[in-house]
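Listed below, chain by chain, are the residues.
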Amino acid sequence: MLLRRWIAAGVVAVATVGVLSTVPATAGRPHDPADQSLRALGLRHGLYVGTAVDTAALDDPDDPRYREIVRDEFSSVTAENAMKWESLEPTRGRYDWAAADKIVATAQRNGQRLRGHVLVWHNQLPTWLTDGVADGSIDKAQLRQILRQHITTVVSRYRGKIWQWDVVNEAVSDPWDDPPTLHYKGFWAQHLGPGYVADAFRWARAADPKALLFYNDYNIEAFGSGDPADDKTQFVHDMVRDLLARGVPIDGVGSQGHLGTQYGNFDTFQVADALRRFAKLGLATAFTEVDVRSQLTEGVRAGVPDEINPRLQASAANFHVLLQACLAEPRCLSFTVWGFTDRHSWVPGWFDDPPEGLATLYDENYQPKRAYQTVKADLIFAGPPYVLPRVTPRPRR
Ligand code: G3I
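Rules and cut-offs
- Residues numbered from 1 in each chain as written.
- Predicted model: local features only at pLDDT ≥ 70, side-chain atom pairs only at ≥ 80, totals over all residues.
- Heavy atoms only, no water.
- 1 Å grid on protein atoms, 1.4 Å probe; cavity = no way out; pocket = protein on both sides within 12 Å on 5 of 7 lines; lining within 4 Å.
- Points joined across faces, edges and corners; volume = space filled by probe spheres on them.
- Nonpolar A, V, L, I, M, F, W, Y, C, P; charged D, E, K, R; others polar.
- Near = heavy atom within 4 Å.
- Polar contact = N/O pair within 3.5 Å; in protein donor to acceptor, adjacent residues only side chain to side chain.
- Areas by Shrake-Rupley, 256 points an atom, 1.4 Å probe, with all protein chains shown as cover.
- Helix = DSSP H or I, 4+ residues; strand = E, 2+ residues; numbered from the N terminus.
- Expected span 1.5 Å × (residues − 1).
- Contact = heavy atoms within 4.5 Å.
- Phe/Tyr/Trp six-rings, centres within 6.5 Å; stacked < 30°, edge-to-face > 60°.
- Buried < 20%, exposed > 50% of the residue type's maximum accessible area, 1.4 Å probe, protein only.
- Lys NZ or Arg CZ within 6 Å of the ring centre and 35° of its normal.
- Disulfide = S-S within 2.5 Å.
- Salt bridge = Lys/Arg side-chain N within 4 Å of Asp/Glu carboxyl O.

A. Focus on the layout of surface pockets. Computed from the structure, the largest pocket encloses a volume of approximately 750 Å³. Along the wall of the largest pocket there are 30 residues; nearest its centre are Tyr218, Gln256, His258, Trp346 and Phe351. Across the lining of the largest pocket, the residue classes break down as 10 nonpolar, 11 polar and 9 charged.

B. The arrangement of the site of the ligand in detail. What surrounds the ligand is a group of 15 residues, the closest being Glu80, Lys84, His117, Glu170 and Glu289. One of the side-chain nitrogen or oxygen atoms of Glu170 is found 2.8 Å away from a nitrogen atom of the ligand. Contact with the protein chains hides 53% of the accessible area of the ligand, taken as 790 Å² for the molecule alone. When the residues that make up the shell around the ligand are grouped by side-chain class, the tally is 4 nonpolar, 7 polar and 4 charged.

C. Spatial organisation of helix 8 (residues 140-157). Here helix 8 is 18 residues long and its end C-alpha atoms lie 26 Å apart, about the 26 Å a rise of 1.5 Å per residue gives. Looking at the buried positions of helix 8, the neighbouring elements they touch are helix 5 (85-88), strand 3 (113-120), helix 7 (127-134), strand 4 (164-169), helix 9 (186-192) and helix 10 (196-207).

D. Region of the structure containing the packing of aromatic side chains. Going through the model one piece at a time under the given rule, you end up with 16 aromatic pairs. Between Tyr184 and Phe235 the ring centres are 5.5 Å apart and the planes differ by 70°, which places this aromatic pair in the edge-to-face class. Taken together, the residues span a long stretch of sequence, with Tyr184 in the loop between strand 4 and helix 9 and Phe235 in helix 11 (residues 232-245) at a distance of 51 residues. Using a relative accessible area of 13% as the deciding quantity, one classes Phe235 as buried. Over the aromatic face of Trp163 sits the side chain of Arg113, whose NZ or CZ is 4.8 Å from the ring centroid. Over the aromatic face of Tyr218 sits the side chain of Lys232, whose NZ or CZ is 3.6 Å from the ring centroid.

E. Structural view of the environment of Gly50. Of note, Gly50 is situated in strand 1 (residues 48-53). Taking C-alpha positions, Gly50 is 9.2 Å from Gly339, a pair spaced 289 residues apart along the chain.

F. Just the state of the cysteines, in detail. The tally for this structure, following the rule as stated, stands at 1 disulfide. Residue pairing for Cys326: its cysteine sulfur links by disulfide to Cys332, the two sulfurs lying 2.1 Å apart. Taking the sign of the S-S torsion, about -95° here, the bridge from Cys326 to Cys332 comes out left-handed. Given a relative accessible area of 0%, Cys332 falls into the buried group.

G. Expanded view of helix 16 (residues 370-381). Taking 1.5 Å per residue, 12 residues should reach 16 Å; helix 16 reaches 16 Å between its end C-alpha atoms and fits that length. Within helix 16, burial applies to Ala371, Tyr372, Val375, Lys376, Asp378, Leu379 and Ile380. The inward-facing, buried residues of helix 16 abut helix 2 (38-43), strand 1, helix 4 (64-73) and helix 14 (305-328).

H. Molecular detail of the pattern of salt bridges. Evaluated as defined, the whole model comprises 16 salt bridges. Between Asp342 and Lys369 there is a salt bridge, and its shortest N-O distance comes to 2.7 Å. With Asp342 in the loop between strand 9 (332-337) and helix 15 (347-350) and Lys369 in the loop between strand 10 (356-357) and helix 16, this pair connects stretches of sequence that are 27 residues apart. Exposure class is identical for Asp342 and Lys369. Each is buried. Salt bridges here are not isolated pairs; linked through shared partners, they connect Asp174, Lys185, Asp217 and Lys232.

Below is the structure:
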């Protein structure tokens, strides 16, 4: 009996040593900063942690810290503006690839994946295109052909280099738009009708058989009433379900994740449920543009801790909700922040009445904020049975 117990204990000890030797060296010492980058921690789950990159910051010789953090902390990058139409083709027929190429080359050097952003959007279009449509010199048939040519040209150039393409961005209205019933909005729907969405995915697929093709939008983190007339998540769900039913090659839905601490937002289970419901359609998901902004009161601007700290805390809590939900859903492939430092964030330039900011993981001096530590802790302490390796769907044909 005693002998049997000793043998059992020996077997357990050997097994334990075996298991421990396969656990990453970092696992037992979460407070040790060595090799605890977000990219390394994310990849333990097969999750790519990404950031949008700003071309000017990446090129700034006086700002080496920006490049170091992009390189060291992230396993995926998105061009914040450099792959948008106005950047790539400012003059009709003359592409300027310099900035986009540089981001692609930098990412390859850093061993990072790329999210391509963005092929079809109603913003940041070149004026030759919008003016041409407005003055009638570009008619509907020509516009469709121009769009096809643009998608084919851009996707072909980066064929095999882009992991996920945001093929169509923000095609759906918001409940505060006029009319409030949700509908296809913006330049492309107005001039080509909603059929452009399916066309865009088909043209992108023809140019790159392997990239994962995403529909990308904001305010789709959680389901609401369930009525597509006023629930944007439901509208997008039904739209992609119908695209799939028609054999359109769409592989994923990107949820941007632009949140604000003044809104309260969601809990983890609501967000996880939304990701699950897209996954049930057979799609990948991703958080593609996460940031959590706060109103900059006079007290915040004056550095009053009682006003700053609750905002930092609330921002961290929102990052936590989105990341936990993503970790819980094996088809959630990447978690991308829309800029990682308050030094380079679109928020202050966009929201000025009242002013908003403090939206990212690092402050303006590249000091990690509470949100950074929370994201890191989430990645460290996640694991089976609730967090499993990622499942990547095969690109649809
Ligand atoms: O390029 C000009 C530059 O020549 C000029 O000197 C400068 C002066 O303001 O403006 C520059 O253009 C700005 C551009 O960013 C590049 O910095 C535009 O004014 C500015 O409007 C533009 O904002 C971008 C915004 O998209 C435009 O819609 C933000 O940087 C970018 O972060 C933001 O990203 C979008 C995603 O693509 C889609 N989802 C929402 C997200 C946030 O709005």
